[in-house]
Amino acid sequence: MESVTVTSPEQTMQLGAKLGKMVQPGDLILLDGDLGAGKTTFTKGLAKGLGIDRNVKSPTFTLIREYRQGRLPLYHMDIYRLEDGGAEDLGLDEYFDGDGVSVVEWSEFIQDLLPAAYLRIALKRSGAADERRTITLMPQGTHYQKLVEQLEG
């Protein structure tokens, strides 16, 4: 488990962009954090690293946004509204096993639908009015352990 402290949204995006250059088809990134912690900001950076130029928006009301303009498709999911269920009908396994990279915000609501291997990233504010965030990388599985090692290098 590796933690990094960033001091601005730009640094959060830079970390996401660095990861975006390394991800492979079928990779699953889980983003945990309170509202305003920087989950969508991180995803914007990831999209940039994938070569996606479109504006990345939070999929809070659409649940899933697809971006196909980059090196790999990006499937950005916000599961917050499925706190009381309904995720089983979305066909998430097709995204997780697909040709792109899946990013899931609020994954705790679909814990029983997740595969065994993924990269969980926790974003936590260092203070209410502060731009600083602590970002903790928690790889599950050998592939994601190697990905984190590359990210650190």
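Below: a short report on this structure.

If charged atoms from side chains of opposite charge come close, those side chains can pair. Applying the stated criterion across every chain yields a total of two salt bridges. Linking arginine 120 and aspartate 32 is a salt bridge whose minimum nitrogen-to-oxygen distance equals 2.7 Å. Pair noted here: arginine 120 is in strand β6 (residues 118-125) and aspartate 32 is in strand β2 (residues 28-32), with a separation of 88 residues, a long-range link. The class for arginine 120 is buried, based on a relative accessible area of 13%. With a shortest N-O distance of 3.2 Å, arginine 68 and glutamate 66 are connected by a salt bridge. Judged by its relative accessible area of 33%, glutamate 66 falls in the partly exposed class.

It is worth spelling out the sheet that holds strand β3 (residues 64-67) at this point. The strands making up a sheet are joined through hydrogen bonds of the backbone, oriented either antiparallel or parallel. As summarised here, the arrangement of the seven strands in space is β1-β7-β6-β2-β5-β4-β3, forming an open sheet in which the pairing is mixed. Of all strands in the sheet, those bounded by a partner on one side alone are β1 (2-6) and β3. Each neighbouring strand pair of the sheet contributes to a mean axis angle of 20 degrees, computed without reference to strand direction. For strand β4 (residues 74-78) and strand β5 (residues 101-105), the ladder comprises five bridges, and the chain directions are parallel. Residue pairing across strands places leucine 74 opposite valine 101, the latter belonging to β5. On the sheet, helix α4 (residues 142-152) packs against β1, β2, β6 and β7 (133-140) and is oriented at approximately 140 degrees with respect to β7.

Another aspect to go through is helix α1 (residues 9-20). For α1, which comprises 12 residues, the first-to-last C-alpha distance of 16 Å matches the rise-based estimate of 16 Å (1.5 Å per residue) to within 8%. All buried positions along α1 are accounted for by Thr12, Leu15, Gly16, Ala17, Leu19 and Gly20. The elements touched by buried residues of α1 are β1, β2, α2 (39-50), β6, β7 and α4.

Another point: the packing of α1 against α2. The interhelical angle for the contact between α1 and α2, taken along N-to-C directions, is 40 degrees, at an axis separation of 6 Å. Taken as axis vectors, α1 and α2 run oblique relative to one another. Classified by chirality, the crossing of α2 by α1 is right-handed. Taking contact as the criterion, the partners of Pro9, Thr12, Met13, Leu15, Gly16, Ala17, Leu19 and Gly20 in α1 are, on α2, Thr41, Phe42, Lys44, Gly45, Leu46, Gly49 and Leu50. Class assignment of the residues belonging to the contact of α1 with α2 gives a composition of eight nonpolar, six polar and one charged.

Our focus in this paragraph is the pairing of β5. Most of β5 sits inside the fold, with five of its five residues counted as buried. The two faces of β5 match: Val101, Val103 and Glu105 on one face and Ser102 and Val104 on the other face are all buried.

To continue, consider the pairing of β3. Bridge count for β3 against β4 is four bridges, and the pairing is antiparallel. Its bridge partner lying in β4, tyrosine 67 is registered against leucine 74. Linking β3 back to β4 in an antiparallel pair, the connection comprises six residues.

Parameters at a glance
Residues numbered from 1 in each chain as written. Predicted model: local features only at pLDDT ≥ 70, side-chain atom pairs only at ≥ 80, totals over all residues. Heavy atoms only, no water. Salt bridge = Lys/Arg side-chain N within 4 Å of Asp/Glu carboxyl O. Helix = DSSP H or I, 4+ residues; strand = E, 2+ residues; numbered from the N terminus. Buried < 20%, exposed > 50% of the residue type's maximum accessible area, 1.4 Å probe, protein only. Pairing = 2+ DSSP bridges. Axes fitted to C-alpha atoms, helices over the stretch in contact; angles between N-to-C directions. Contact = heavy atoms within 4.5 Å. Expected span 1.5 Å × (residues − 1). Parallel < 35°, antiparallel > 145°, perpendicular 65-115°, else oblique. Left-handed = near helix turned anticlockwise from the far one by under 90°. Nonpolar A, V, L, I, M, F, W, Y, C, P; charged D, E, K, R; others polar.

These figures capture arrangement, not role.
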